[in-house]
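# Observations on chain architecture
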Amino acid sequence: MTETPVEKRLETLQIVLPQASDPEAKYANFVNVGGLLFVSGKGPAGNPRGKLGSDFSTEEGYRFARLTGIEVLAVVKAAVGSLDRVKRVVKVQGFVNADPRFEEHHKVLNGFSDLMLDVFGDRGTHARSVLGANSLRDNLPVIVDSIFQVEE
């Protein structure tokens, strides 16, 4: 079987995608509408618990955001069959479970954004917003939802 360009890039990055995780409640993992794939909020594998600024450092948060990106990529692959069908990462919205004094939310979400650029090159450049939260489901440190443009 021939590897696709994105699969080769994942191999170079030493990333093995897990099986897409199932939703935690009554919602879909993704919805594909008119070539836009909306991916529901995902958190990092391993279910770390805690807040940035009190339980975790910015560097740990960056790693959690990158791990969250791997979870999102697994959902995208399950949705469209091949990551080579991704035309563009369109929008990323991150939620950082943070101590009220924490001010480096943007540096945390760079873990996700850098992964998208590593995997998709220029197609990984996206619009983004990041919000601090005083709590997230299951006390996860980071949750990211995202929108991808995909081949129909």
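Quick note: structure is the one above.
Just so we're clear, the structure is a prediction, and the values are computed from it rather than from any experiment.

Time to look at unusual backbone geometry. Look at aspartate 138: it is not a glycine, yet its phi comes out positive at around 55°. Looking at the secondary structure, you find aspartate 138 in the loop between strand 4 (127-133) and strand 5 (142-150). By relative accessible area, aspartate 138 is classed as partly exposed at 41%. Positive phi is not limited to glycine here, since asparagine 139 has a value of about 60°. Position of asparagine 139 relative to the elements: it lies in the loop between strand 4 and strand 5.

Our next topic: the packing of helix 1 (residues 5-12) against helix 3 (residues 105-120). The geometry of helix 1 relative to helix 3 is characterised by a closest axis approach of 8 Å and an angle of 125° between their N-to-C directions. As summarised for this structure, helix 1 and helix 3 are arranged oblique, according to the angle between their axes. On the side of helix 1, the interface is formed by Val6, Arg9 and Leu10, while helix 3 contributes Asp118, Val119 and Phe120. Across the contact of helix 1 with helix 3, the residue classes tally to 4 nonpolar, no polar and 2 charged.

Pairing analysis gives 7 bridges linking strand 3 (residues 86-97) to strand 4, with the strands arranged parallel. Counted as the bridge partner of valine 96 is glycine 132 from strand 4. In terms of handedness, the path from strand 3 via helix 3 over to strand 4 forms a crossover that is right-handed.

The rules behind these values
- Residues numbered from 1 in each chain as written.
- Predicted model: local features only at pLDDT ≥ 70, side-chain atom pairs only at ≥ 80, totals over all residues.
- Heavy atoms only, no water.
- Helix = DSSP H or I, 4+ residues; strand = E, 2+ residues; numbered from the N terminus.
- Buried < 20%, exposed > 50% of the residue type's maximum accessible area, 1.4 Å probe, protein only.
- Axes fitted to C-alpha atoms, helices over the stretch in contact; angles between N-to-C directions.
- Parallel < 35°, antiparallel > 145°, perpendicular 65-115°, else oblique.
- Contact = heavy atoms within 4.5 Å.
- Nonpolar A, V, L, I, M, F, W, Y, C, P; charged D, E, K, R; others polar.
- Pairing = 2+ DSSP bridges.
- Right-handed = clockwise from strand over helix to strand, strands pointing away.

In short, shape yes, function no, at least from these values alone.
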